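# Notes for the structure review
Take a look at the letters that make up each chain.
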Amino acid sequence: MTSDKRKRISIKEIVSYAISILLAVVFLLFAFNGVNSDEVISALENISVWWIIVFIILTLFAHLLRAIRWRLILSSVKKDISVNHLFGSLLIGYGVNSVIPRLGEVSKAVSVGQIEGISRSSIFGTIVVERIIDIIFFGLSVVVSGLIYKGDLYHEFTWLQPTIYFGLFAIVLIVFTLYLTIRFREKFYSGIILAVGIFSESFAKKLAEIFDKLIAGFSSLRGVKNTFFVLLISLLIMVVYAVTSLTGFYVLGMQSLSNNLVPTAWIVMSISAIGIMIPTPGGIGSYHTITKSLLVNLFAFGEGISMAYAALTHVISYSTHLIGAAIYFFAFRKKYSVLKRGSLFKLDETNQ
């Protein structure tokens, strides 16, 4: 029975991954449709190595800010968590997402849980809080994009407004659900034990404990001071993302093609993020399609240079995440082995 269950899970995972790969291929076909490959190659021949370095530094700086924000959110679960551990776990998460969509959230929770000795359920609660904050700020950045764009942004991209409305509805629903679970925490805890306990008392207690730790993560933003700094850092993250997007234009020397790159960078950053949220490995294809479409349809850049921008910025980010993930994975693995040996040694001394 266990073997059959594992087999079903395995098939489900394979099908899910196959669909994400198929989506990436379809999006890539859309992105490269009608693009002159010689123009793309020509644009890539003029790249600036120095601006690529700046792009990478800004990308890592944004992740460092995310690690600091995550530390603030996790402070209610455990005090004085290492920012370096959180930074490394974030890179591992992004690296895994670059290969297997959505598995990165699990990977970074496992990494932090192992290295810091925290319950993974509590960590998942804080990750949910992080994602809600991200979606809210990206939604606001799209609204700002509509205000700074010289034209009707929602007419150019008819799918954009319904996406914002759907996202807003989903956020309100999730926040309301979280409020109820936090507000009536004890009742939910008792309800789980009562309902599941009919079948298995031990499993009911275990499930209730997991629920309790999740709620602890959900409750992590309690305190006005903590909330203020989390929101302030979230705003700064969006600004750094926009500057990173702007740097991408300088990598390809596109500043000579437009005098209005600052608002362009903000709009591209805001809307292209939707492409990263689509479940393709690392946003492959979906990011390229949306980014190229934005540059061509909104700002009249050529298809070749627009495709070059999408491909190059994605490759730089993708490579940074994979290399960073590999470095921290082996560093954490070594450190966790040392910590585990140390704890076993202490246990042996206690037994003696």
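The notes below deal with the structure included here. Everything quoted here is computed from the prediction, not taken from an experiment.

Scanning the protein chain from N- to C-terminus turns up 14 helices and zero strands. Tracing the protein chain from N to C terminus, the helices and strands come up as α-α-α-α-α-α-α-α-α-α-α-α-α-α. A buried classification covers 42% of the 352 residues belonging to the protein chain. The long-range share in the protein chain, meaning contacts at least 24 apart out of those at least 6 apart in sequence, stands at 71%.

The next point concerns the packing of aromatic side chains. In this structure the tally under the stated criterion is ten aromatic pairs. Between Tyr149 and Phe299 the ring centres are 6.0 Å apart and the planes differ by 90°, which places this aromatic pair in the edge-to-face class. Taken as a pair, Tyr149 in the loop between α6 (120-148) and α7 (153-156) and Phe299 in the loop between α13 (286-297) and α14 (303-351) lie far apart in primary sequence, 150 residues in all. When sorted by exposure, Tyr149 lands in the same class as Phe299, which is buried. Relative to Phe301, the ring of Phe249 has its centre 6.3 Å away and its plane inclined at 15°; by these criteria the two rings are stacked. Residue Phe249 is found in helix α11 (residues 224-251), and its partner Phe301 is found in the loop between α13 and α14; the two are separated by 52 residues along the sequence.

What follows deals with the nonpolar core. A general tendency of soluble globular proteins is for nonpolar side chains to be buried together. With 35 residues, the main nonpolar core has Phe249, Ile271, Leu298, Phe299 and Tyr309 as its most contacted residues. The set of elements that each furnish at least two residues to this core consists of α2 (37-44), α3 (49-74), α11, α12 (261-277), α13 and α14. Leu298 has contacts with Tyr149, Leu153, Glu156, Phe157, Ile267 and Ser293, leaving out every residue within four places of it along the chain. Formed by 18 residues, the second largest nonpolar core is a distinct cluster that contains Ala62, Ile73, Trp266 and Met269.

Another point: the pattern of salt bridges. In total, this model carries nine salt bridges according to the counting rule given. In this structure, Arg66 engages Asp134 in a salt bridge whose closest nitrogen and oxygen atoms are separated by 3.0 Å. Of the two residues, Arg66 sits in helix α3 while Asp134 sits in helix α6, which places them 68 residues apart along the sequence. The burial state of Arg66 is the same as that of Asp134; both residues are buried. Among the ionic pairs, Lys78 bridges to Glu116, the shortest N-O distance being 2.9 Å. Here Lys78 is found in the loop between α3 and α4 (83-97), whereas its partner Glu116 is found in helix α5 (residues 103-116), with 38 residues between them in sequence. Classification of Glu116 as buried rests on a relative accessible area of 11%.

Quick look at the packing of α3 against α6 now. Contact pair α3 / α6: the axes reach a minimum separation of 10 Å and the direction vectors enclose 125°. By the criterion of interaxial angle, the relationship of α3 to α6 is oblique. Remark: the crossing between α3 and α6 carries right-handed chirality. The residues of α6 that touch α3, namely those facing Arg66, Arg69, Trp70, Ile73 and Leu74, are Ile123, Thr126, Ile127, Val129, Glu130, Arg131, Ile133 and Asp134. For the contact of α3 with α6, a count of residues per class yields seven nonpolar, one polar and five charged.

Looking now at α12. In this model α12 runs 24 Å from its N-terminal to its C-terminal C-alpha over 17 residues, within 8% of the 24 Å that 1.5 Å per residue would give. In terms of residue burial, α12 counts as a mostly covered element, since 13 of its 17 residues are buried.

There is a patch of nonpolar side chains on the surface, built from Tyr17, Ile21, Val25, Leu29, Val99, Ile100, Leu103, Val106 and Leu322 and spanning about 690 Å² of accessible area. Ranked by residue count, the leading element in the nonpolar patch is helix α1 (residues 2-32), at four residues. Looking at the secondary structure, you find Leu103 in helix α5. Of the residues examined, Leu103 reaches a relative accessible area of 36% and is grouped as partly exposed.

In this model α4 runs 21 Å from its N-terminal to its C-terminal C-alpha over 15 residues, within 8% of the 21 Å that 1.5 Å per residue would give. Taken as a whole, α4 has its buried residues at His85, Leu86, Phe87, Gly88, Ser89, Leu90, Leu91, Ile92, Gly93, Gly95 and Asn97. Measuring from the backbone nitrogen of Asn84 back to the side-chain oxygen at the start of α4 gives 3.2 Å, which picks out Ser82 as the cap.

Let us now look at the side chain of Ser89. Its location among the elements puts Ser89 in helix α4. For Ser89, a relative accessible area of 0% gives the class buried. In this view, Ser89 contacts Trp70, Lys108, Ser111, Val112 and Phe332; residues no more than four positions away in its chain are not counted.

Taken N-terminus to C-terminus, the directions of α6 and α12 make an angle of 140°; their axes are 9 Å apart at the nearest point. In terms of orientation, α6 lies oblique with respect to α12. As for the relative orientation of α6 and α12, their crossing is left-handed in sense. Residues Phe138, Ser141, Val142, Val144, Ser145 and Ile148 of α6 form the contact with α12, whose own contacting residues are Pro263, Trp266, Ile267, Met269, Ser270, Ala273 and Met277. Counted by class, the contact of α6 with α12 contains ten nonpolar, three polar and no charged residues.

Quick notes on the rules
- Residues numbered from 1 in each chain as written.
- Predicted model: local features only at pLDDT ≥ 70, side-chain atom pairs only at ≥ 80, totals over all residues.
- Heavy atoms only, no water.
- Helix = DSSP H or I, 4+ residues; strand = E, 2+ residues; numbered from the N terminus.
- Buried < 20%, exposed > 50% of the residue type's maximum accessible area, 1.4 Å probe, protein only.
- Contact = heavy atoms within 4.5 Å.
- Phe/Tyr/Trp six-rings, centres within 6.5 Å; stacked < 30°, edge-to-face > 60°.
- Core = buried A, V, L, I, M, F, W, Y, C linked by side-chain atoms within 4.5 Å.
- Salt bridge = Lys/Arg side-chain N within 4 Å of Asp/Glu carboxyl O.
- Axes fitted to C-alpha atoms, helices over the stretch in contact; angles between N-to-C directions.
- Parallel < 35°, antiparallel > 145°, perpendicular 65-115°, else oblique.
- Left-handed = near helix turned anticlockwise from the far one by under 90°.
- Nonpolar A, V, L, I, M, F, W, Y, C, P; charged D, E, K, R; others polar.
- Expected span 1.5 Å × (residues − 1).
- Patch = residues over 30% accessible without salt bridge, like charges linked within 9 Å, V, L, I, M, F, W, Y side chains within 5 Å.
- Areas by Shrake-Rupley, 256 points an atom, 1.4 Å probe, with all protein chains shown as cover.
- Polar contact = N/O pair within 3.5 Å; in protein donor to acceptor, adjacent residues only side chain to side chain.

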